[in-house]
Amino acid sequence: MSKSHGEVSRSLWKDVWAGVPVHEVPIVSITNGIHTKTWMAPEFSELYGKHLGDWEEHLTEPDFWRRVSDIPDAHLWETHQRLKLRLIEFVRERVRMRRERIGESPEAIRNVNLIMDPEILTIGFARRFATYKRGALLFSDKDRLRRLLNDTTRPVQFIFAGKAHPRDEAGKALIQEVYKFSRETGFENRIVFIEDYDSYIARRLVQGVDLWLNHPLRPLEASGTSGMKLAPNAGINLSVLDGWWREGYNGNNGWAIGPELDNGTVEFQNEVDASSLYQLLENQIIPLYYAKPDGKLPLAWLQLMRETIRSITPAFNTHRMVKEYAERLYIPAAKSHEGFSRDSCAAATQLSQWKAAIRKDWPQVRIQDVQVGNQDRQNISVGESLQLSARIHLGAVDPRHVRVEAYHGEADNGGIRNPTATVLDQSSQVDGDGNYLYQGSVPASESGAYGFSVRVVPTHPHLMQRHELRLITWS
Ligand SMILES: *Cc1c(COP(=O)(O)O)cnc(C)c1O
């Protein structure tokens, strides 16, 4: 899942870690990737081989892909156009087969050769027609869409492919709508729907279109991978900032649909996103695609193609993903398994006994009071520090088994913004009843109102993560 979905998941699961700040909920995300060799057209593989070298060897190295600037404009464009033409021929063939199957007239069958034009900006949208993917967004203003399709000098054309779940009535209705649209006079050859979307069709599409459209309802896209498949084929993304595109979009490698609304209704978000989609097409995308300062090549569009290849290809692939799984999760898990199982599982037994004891004694832990030594906590200048001391009752809990932290940052509506946790040191035992004094100094990196709390969490060298016991006591 994407980083963005990591945030969503931590927030969905936060109640399981009651008391733990949501950004510390121990759910991590590793962003999906594509198997590049599967999705990259052989023609592009050859182009990279010729101008950059062995791309498979250097797939995850950003410096290697920076050299796409060495590929001459004409070669990059020709390679793309060849694949686009192949896609168009494939689309015509699919439509011809369908028209024959349902017994259309010889004229209708002959007319498939009028479908699509390789010189026209070609936009792809292929999805499971799940409702949250909002497949009908483009059709929210049909007159405006008609104008885009039929512009005499700078038209656009769309290829839709998809499948709806047999019981998803809304999804099926939408497919019918797109299909009907694709048969209306005036723009019947500018919108086409291909049935039975599968990975073969997906490969043709991602290798042949100029632009890939994606507009799920935020924040419901866990990752989305189809847009990643465009990058090695120099296709550009036009997507809402959700799922992987929140990480993939850098401001220069495609477009982001719609401003983010914090608490608008779904209807309002649909309206805002549709309007943003039309505006981007009309004011930015179409003019850029048709701008050919030398009369032949869309030079600015070619720069966008290069920036897409450079920025997305090395990061959003399965090689990077698997490496990240191994380094962040599997290798630490294997090492700790090794440690736990040594000497007839001595460490595991010890940890388990320790956990049982901590769980039993933890209700005794209380923060008696917290004092600020030297400052008026409401107004602190940058660079100054707060001297904190906390009197903590640990009862039967051994002070070596806890970590006491100041949790601090800019005060914000009763909460703390951009918090930092700073460990406080045990300075003395106050009495024989399990009371201890903890002290430390907390640097103020923001001026103005500064907020802080003190918290106690159990700690042990064999814990896999800091909130494993889900025990936390706050001041
Ligand atoms: C890549 C792919 C998907 C997944 O695409 P999303 O962007 O995650 O919706 C679904 N179906 C096929 C056939 C694909 O190739």
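Below is a summary of the structure that appears in this document. On a predicted model such as this, the values are computed, not experimentally measured, just so you know.

Our focus in this paragraph is the sheet that holds strand β13 (residues 473-474). The 7 strands lie next to each other as β7-β8-β11-β10-β9-β12-β13, forming an open sheet whose pairing is antiparallel. For this open sheet the edge positions go to β7 (366-372) and β13, each flanked by a neighbour on one side alone. Bridge count for strand β10 (residues 415-429) against strand β11 (residues 435-443) is 4 bridges, and the pairing is antiparallel. What sits directly across from Ser-428, in β11, is Leu-437.

With that settled, consider the site of the ligand. The full set of residues close to the ligand is Trp-39, Arg-127, Lys-133, Tyr-197, Asp-198, Ser-199, Ala-202, Gly-224, Thr-225, Ser-226 and Lys-229. In the model, an oxygen atom of the ligand is placed 3.1 Å from a nitrogen or oxygen of the Thr-225 main chain. Lys-229 places a side-chain nitrogen or oxygen 2.6 Å from an oxygen atom of the ligand. Only α9 (199-208) and α10 (226-230) provide two or more residues apiece to the shell around the ligand.

Before going further, it helps to examine unusual backbone geometry. The amide bond that connects Arg-218 to the next residue, Pro-219, takes the cis arrangement and shows omega of -5°. Summarising the element assignment, Pro-219 is placed in the loop between β4 (211-214) and α10. In this structure, Asp-343 is a non-glycine residue whose phi angle is positive, near 45°. By secondary structure assignment, the location of Asp-343 is in helix α14 (residues 318-361). Judged by its relative accessible area of 59%, Asp-343 is exposed. In the Ramachandran plot, Cys-345 falls in the positive-phi region, its phi being about 60° despite a non-glycine side chain. By the element assignment, Cys-345 lies in helix α14.

A few words now on helix α12 (residues 266-290). In a regular helix each residue adds 1.5 Å, so 25 residues correspond to 36 Å; α12 covers 34 Å between its end C-alpha atoms and thus fits that length. Of all the bends in α12, the greatest, near 45°, is centred on Leu-281.

A cluster of nonpolar residues, Leu-12, Trp-13 and Val-16, forms a patch on the protein surface that exposes about 330 Å² of accessible area. With respect to the secondary-structure elements, Trp-13 resides in the loop between α1 (3-12) and α2 (36-39).

Judged by pairing direction, the sheet is parallel, and its 6 strands sit side by side in the order β3-β2-β1-β4-β5-β6 without closing on themselves. At either end of the open sheet lies a strand with only one pairing partner, and these are β3 (191-194) and β6 (254-257). Averaged over all neighbouring strand pairs, the angle between strand axes comes to 20°, with direction disregarded. Note that strand β1 (residues 121-128) and β4 share 2 bridges and pair parallel. By the bridge assignment, Ile-123 is partnered in β4 with Leu-211. Contacts from helix α13 (residues 299-312) reach β1, β4, β5 (236-240) and β6, with the element oriented near 75° to β5.

Note on placement: Ser-311 falls in helix α13. Residue Ser-311 is classed as buried on the basis of its relative accessible area, which comes to 17%. Ser-311 has contacts with Asn-250 and Asn-253, leaving out every residue within four places of it along the chain.

So, about the pattern of salt bridges. Counted according to the given criterion, the structure contains 37 salt bridges. Between Arg-66 and Asp-63 there is a salt bridge whose closest N-O contact spans 2.5 Å. In this pair, Arg-66 and Asp-63 are both assigned in helix α4 (residues 62-66), 3 residues apart and thus about one turn of the helix distant. Assessed through its relative accessible area of 52%, Asp-63 is described here as exposed. With a closest N to O distance of 3.3 Å, Lys-142 and Glu-177 form a salt bridge. Of this pair, Lys-142 sits in helix α7 (residues 142-150) while Glu-177 is found in helix α8 (residues 169-182), placing the two residues 35 residues apart along the sequence. Overall, Glu-177 belongs to the partly exposed group, its relative accessible area being 26%. Residues joined in a network through salt bridges with shared partners are Glu-24, Arg-403, Glu-405, Arg-455 and Arg-466.

As defined by bridge partners, strand β9 (residues 402-412) adjoins β10 across 8 bridges and the pair is classed as antiparallel. Of the residues in β10, the one forming a bridge with Val-404 is Leu-424. Linking two consecutive strands that pair antiparallel, namely β9 and β10, is a turn of 2 residues; a positive phi of about 50° is found at Asn-413 within it. What sits between β10 and β11 in their antiparallel hairpin is a turn of 5 residues, with Gly-434 showing a positive phi close to 85°.

Thresholds, definitions, all that
- Each chain carries its own residue numbering, running from 1 in the written order of its sequence.
- Only residues with pLDDT of at least 70 get local features here, since the model is predicted, and only at 80 or more are side-chain atom pairs given and counted; chain-wide, interface and lining totals rely on the full set of residues.
- Derived side-chain values reflect all non-hydrogen atoms in the structure, with water molecules and hydrogen atoms excluded from consideration.
- Two strands are counted as paired when DSSP detects at least two bridges linking them.
- Put simply, DSSP H or I for four residues or longer makes a helix, DSSP E for two residues or longer makes a strand, and each gets a number counted from the N terminus.
- Only a single heavy atom is needed: when it lies within 4 Å of a molecule or strand, its residue is near that molecule or strand.
- Nitrogen and oxygen atoms within 3.5 Å of one another constitute a polar contact, given that in protein one can donate a hydrogen and the other can accept it, and given that sequence-neighbouring residues count only through two side-chain atoms.
- Throughout this description, buried means an accessible area under 20% of the type-specific maximum (1.4 Å probe, protein chains only), exposed means over 50%, and partly exposed covers the range between.
- To estimate how far a helix should reach, multiply one less than its number of residues by 1.5 Å.
- Here the bend at a residue means the angle between the axes of two seven-residue stretches, the one that ends at it and the one that starts at it.
- Exposure above 30% relative accessible area and the absence of a salt bridge qualify a residue for a patch, where like charges join within 9 Å and nonpolar side chains (Val, Leu, Ile, Met, Phe, Trp, Tyr) within 5 Å.
- For accessible areas, the Shrake-Rupley method is used with a probe of radius 1.4 Å. Any residue's cover is judged against the shown protein chains and nothing else.
- Note on definitions: salt bridges are taken to be side-chain nitrogens of Lys or Arg within 4 Å of carboxyl oxygens of Asp or Glu.
- A fitted line through C-alpha atoms represents every axis, and for helices the fit uses only the stretch in contact; the resulting angles, taken between N-to-C directions, go from 0 to 180 degrees.
- Any two residues whose heavy atoms approach within 4.5 Å at even a single point are treated as in contact.

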